[in-house]
Amino acid sequence: MTPRTPPYFFNTDHRQRCLEQLRSKATGLEKYIYLNGLKGRDPNLFYEVLLANMLEIIPILYTPTVGDACSNYSHIWRRPEGVYVTIEHKGNISQVLRTWAAGPAARIAVVTDGSRILGLGDLGANGLPISIGKLDLYIAGAGIRPTTTVPICLDLGTNTQKFLDDPLYLGVRRKRPATAEMDEFMKEFMEAMREVFPQLLVQFEDFSTDNAFRYLDMFRSQYKVFNDDHINSTGAVVLSGFINSARLASEAAGKALTDHRILFFGAGSAGIGVAKQLMSFFMLNGLSEEEARQRIYTVDSKGLITADRKGLQEHKKYFARTDYAGAPLTTLVEIIEHVKPTALLGLSTIRNAFDEDVVRRMASLNTRPIIFPLSNPVSLCEVDYEDAIRWTNGQVIFASGSPYNAVEHNGKSYEPGQGNNMYIFPGIGLGTILSKAKHVTDSMVEQAAIALANSLTPEEKEADLVYPRLARIRDLSAQIASAVIRAAQLENVDQNNLLRSLSDDALLDYIKAKQWEPATGQARL
Ligand SMILES: O=C([O-])CC(=O)C(=O)O
Ligand SMILES: [Mg+2]
C-alpha cells in the first residue's frame, strides 16, 4: 500500500525543503548523491527543483561536479539509471537496447565510451554520469521530455589499471579492444540503435579524440549523429564567445576584426578541432580560407608548431607555421612575444599553464586581452578567473570551460563567461528533433553558434558579457533551435514540412510550445 501523503505536504513548499536538504550537504559529491536520490524518488519534483534553481544545480549535475561523480561512480552507485552496452553484448546489442523503456518514443541518446571523460582520461564504465548529466541539460535547458531520453555508456573495458584493480569497479574487467574489434562493435551498435529507436538523434560524448573523429566520419551520413566535443558543439560555443569577445576587444583597441591573431595552447585534436571552427570567424568577416588559417597559431608540448619540425603529427600540419625559421620557440612567454596574439585559448588540460607572466604579457600587448582557458573540470583549467582579473587589472575578456563565480576587484564586480558546450547542444538537439532532420550538418552547427552569439540582451552587452546568462537557457535553446531548423531547411535535410510555412516568430512560438515543463507541485497533488 502506498503511504498517504502527510498533511503538511499540502501547506508547505516541498521544493523548498529539498533545497534546504541539498544545501545541508557539505561537498559537491554529496550534493550529487542527494539529487540523484531525489530523481529516483520523484523525477517530476527533481526537475521542478532543477528548473527553478538552474544556476545552483547545473554545476552539480554537470561540470565540474559530474567529473567527481564519474571518477567515483563505482563507489557512489545506487541504482541502475542508464544503459550499459558491454563488449560482451556483441551480437546481441539490440536486445540490450530493448530493455530501455522509451522504445520507439526515444528522441535523443547521449553515448560515451568513457575513454576521455572531460579532461580526466579513460574512466571506463564510470563514464555513465556524463551521459546522464548532458541529458538533464537537454531536459532542463531545452525542454526535451525526460521519458524520451536514453543515457548510454559503452563498456568496452578500460586501460586505466586503477579501475581494473578496484574490487568495486562496475565495468567489464578488461583492457580496451583493438580498433578493428571496436569498429565492428560500433557498427552493430549504431544499426541496433536505429532498429530499436527509429527516431533517435545520437550525441557522441567524450570518446578519445581519434575515435571521436573516426566515428563521426563513419556514421554521419548514415545516421542522425553529432559530436558534442571539439568537433561540433565545443567548437561552436567557442566560436560564438569569440565573435562577441573580438567585438569588445576590437572596440577597445580601435582595430579591425580581421586583425585578430589567435594562439592555441594545446594542439591535441581538441585544440585543432576548435581552431578549425574558429576559422569561420575570419571567413564570416570576409577573409579567404588561407587568410583565416594564417591568423591561427598552435602550440604543443614542444612549443610553437612549425612546418619544419621533424615527425610532425598529421593533425598538426594544417596550422603549422611556414613563416618562422629561427630557433624553436618553446616557452609560452617567448611564443607570445613572437606571435603577439590578441587571444590565447587553452585546450591543454594543464592546470595553471597561464601563469602570471603569461597573463601579464597578454595584457601588455592588448588593451583587452582575450583569454579562454577551456580545459575541464576546474582542476585542469589553465588559469583561475580571479587571477586573470587581478593580473590584467580587470581588462581580460574571459571564458572558461568550467564555471567560476563573479569576482570583486578594486570595488567593481566582474562576471566570467563559461565557454561550455552546454549552451549549444540542447538547442542543436531540439532543432534537429523538431525539424526531423535526417542529419546534423556543419551549417546547422555554425548557425547555432551565430544564433548564440546574437542572443545577448542589451543588458548583457552593457555588462560586457560574451555569453548570455545561463538562467535564460530555455529561451536561448529555443532561439538556437530555430536557427538550426532554418539551416536544416536550407540544406533540405529537414522532414517536417509544417515548419517551412511558419514565419520566424511563429516558428519560435511553435518551439516554445513544444518545450516540456514538469507538472507543478499543486498540479501533481
Ligand atoms: O562536459 C563539459 O563540461 C564539456 C565537455 O563536453 C567536455 O569537457 O568534454
Ligand atoms: Mg564532452
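Residues numbered from 1 in each chain as written. Chains lettered and ligands numbered in written order. Predicted model: local features only at pLDDT ≥ 70, side-chain atom pairs only at ≥ 80, totals over all residues. Heavy atoms only, no water.

Once that is clear, we can look at the domain arrangement of the protein chain. Interfaces are frequently sized by the accessible area removed from exposure as the parts join. In terms of domain boundaries, the protein chain breaks down into domain 1 (9-230), domain 2 (233-419) and domain 3 (422-514). Its C-alpha centre places domain 2 at a distance of 27 Å from the equivalent point of domain 3. If you look at the interface, domain 2 gives 23 residues, while domain 3 gives 18 residues. Of the roughly 1600 Å² buried between domain 2 and domain 3, counting both surfaces, carbon and sulfur atoms make up 62%. (Domains from an automatic or database assignment. Contact = heavy atoms within 4.5 Å. Buried area = accessible area lost by both parts, 1.4 Å probe.)

A separate point is the nonpolar core. Ile262, Phe264 and Leu345 are the most contacted members of the largest nonpolar core, which has 104 residues in total. The contact partners of phenylalanine 264, leaving out residues within four places of it in the chain, are Gly271, Val274, Ala275, Leu278, Ile296, Tyr297, Thr298, Val299, Leu345 and Leu347. Counting residues in each nonpolar core, the second largest holds 35 residues, with Phe189, Met190, Phe207 and Tyr223 among its members. (Core = buried A, V, L, I, M, F, W, Y, C linked by side-chain atoms within 4.5 Å. Buried < 20%, exposed > 50% of the residue type's maximum accessible area, 1.4 Å probe, protein only.)

Protein-derived ligands of the magnesium ion (ligand 2) are Glu205 (OE), Asp206 (OD) and Asp229 (OD), with the metal-ligand distances lying across 2.0 to 2.1 Å. Within one chain, the residues serving as donors to the magnesium ion (ligand 2) are arranged as E-D-x22-D. Of this pair, glutamate 205 sits in strand 4 (residues 201-205) while aspartate 229 sits in the loop between strand 5 (225-227) and helix 13 (233-253), and the two are 24 residues apart along the sequence. Accessibility expressed as a relative area gives 7% for aspartate 229, which makes it buried. (Donors = N, O, S within 2.8 Å, 3.2 Å for Na, K, Ca; no water. Helix = DSSP H or I, 4+ residues; strand = E, 2+ residues; numbered from the N terminus.)

The next thing to look at is the site of ligand 1. Around ligand 1 lies a shell formed by Tyr62, Thr63, Arg116, Leu118, Lys134, Glu205, Asp206, Asp228, Asp229, Asn376, Asn420 and Asn421. Within the side chain of lysine 134, one N or O atom sits 3.0 Å away from an oxygen atom of ligand 1. Taking aspartate 206, its side chain carries an N or O atom lying 2.8 Å from an oxygen atom of ligand 1. Compared with its free state, where it exposes 270 Å², ligand 1 has 93% of that area covered by protein. In terms of residue class, the shell around ligand 1 is made up of two nonpolar, four polar and six charged. (Near = heavy atom within 4 Å. Polar contact = N/O pair within 3.5 Å; in protein donor to acceptor, adjacent residues only side chain to side chain. Areas by Shrake-Rupley, 256 points an atom, 1.4 Å probe, with all protein chains shown as cover. Nonpolar A, V, L, I, M, F, W, Y, C, P; charged D, E, K, R; others polar.)

So, on to the pairing of strand 11 (residues 397-400). Residues Ile397 and Ala399 point to one face of strand 11 and Phe398 and Ser400 to the other, with burial holding for every one of them. Relative to strand 11, strand 10 (residues 370-373) runs parallel, the two being bridged by two bridges. Its bridge partner lying in strand 11, isoleucine 370 is registered against isoleucine 397. Traced from strand 10 through helix 18 (residues 385-391) to strand 11, the parallel crossover comes out right-handed. For strand 11 and strand 14 (residues 417-418), the ladder comprises two bridges, and the chain directions are parallel. (Pairing = 2+ DSSP bridges. Right-handed = clockwise from strand over helix to strand, strands pointing away.)

Another point: empty space enclosed by the protein. Taken as a whole and judged by the stated rule, the model has five cavities of 30 Å³ or more. The wall of the largest cavity is formed by Ala249, Ser250, Ala253, Lys255, Ala256, Asp259, His260, Thr342, Leu365, Asn366, Thr367 and Arg368. Here the lining of the largest cavity takes three residues from helix 13, the largest share from any one element. Taken together, the residues of the lining of the largest cavity break down into four nonpolar, five polar and three charged. Its volume calculated, the second largest cavity comes out at about 60 Å³. Breaking the lining of the second largest cavity down by element, the ones donating at least two residues are helix 3 (28-41) and helix 9 (128-142). The greatest single-element share of the lining of the second largest cavity, amounting to four residues, is contributed by helix 3. Broken down by class, the residue content of the lining of the second largest cavity amounts to four nonpolar, two polar and three charged. (1 Å grid on protein atoms, 1.4 Å probe; cavity = no way out; pocket = protein on both sides within 12 Å on 5 of 7 lines; lining within 4 Å. Points joined across faces, edges and corners; volume = space filled by probe spheres on them.)

Attention shifts here to helix 3. Given a rise of 1.5 Å per residue, 14 residues ought to cover 20 Å, and the 20 Å separating the end C-alpha atoms of helix 3 matches this to within 8%. Restricting attention to buried positions, one finds in helix 3 the residues Leu29, Lys31, Tyr32, Tyr34, Leu35, Asn36, Leu38 and Lys39. (Expected span 1.5 Å × (residues − 1).)

Here we come to the sheet that holds strand 5. Strand order in the open sheet formed by five strands is 1-3-2-4-5, and the pairing between neighbours is parallel. Of all the strands in the sheet, just strand 1 (83-86) and strand 5 have a single pairing partner and so form its edges. Neighbour-to-neighbour, the strand axes of the sheet open up by a mean angle of 25°, direction not taken into account. As paired elements, strand 2 (residues 108-112) and strand 4 share five bridges and run parallel to each other. Note on strand 4: the bridge partner recorded for valine 110 is glutamine 203. Each of strand 1, strand 2, strand 3 (149-155), strand 4 and strand 5 is contacted by helix 9, which is oriented at about 165° to strand 3, the strand it contacts most. This element, helix 19 (residues 425-435), spans strand 2, strand 4 and strand 5 of the sheet and lies at about 155° to strand 4. (Axes fitted to C-alpha atoms, helices over the stretch in contact; angles between N-to-C directions.)

Here we come to the pairing of strand 10. Neither face of strand 10 is open: one carries Ile370 and Phe372, the other Ile371 and Pro373, and all of them are buried. Pairing analysis gives four bridges linking strand 9 (residues 343-346) to strand 10, with the strands arranged parallel. Across the sheet, leucine 344 pairs through a bridge with isoleucine 371, a residue of strand 10.

Spatial ordering of the open sheet is given by 8-7-6-9-10-11-14, a layout of seven strands whose pairing is mixed. What marks the edges here is a single partner per strand, and that holds for strand 8 (303-304) and strand 14. The sheet contact formed by strand 6 (residues 262-265) and strand 9 spans four bridges and is parallel. Residue pairing for strand 9: phenylalanine 265 is matched across the bridge by glycine 346. The sheet strands contacting helix 13 are strand 6, strand 9, strand 10 and strand 11, and the helix crosses strand 10 at an angle near 155°.

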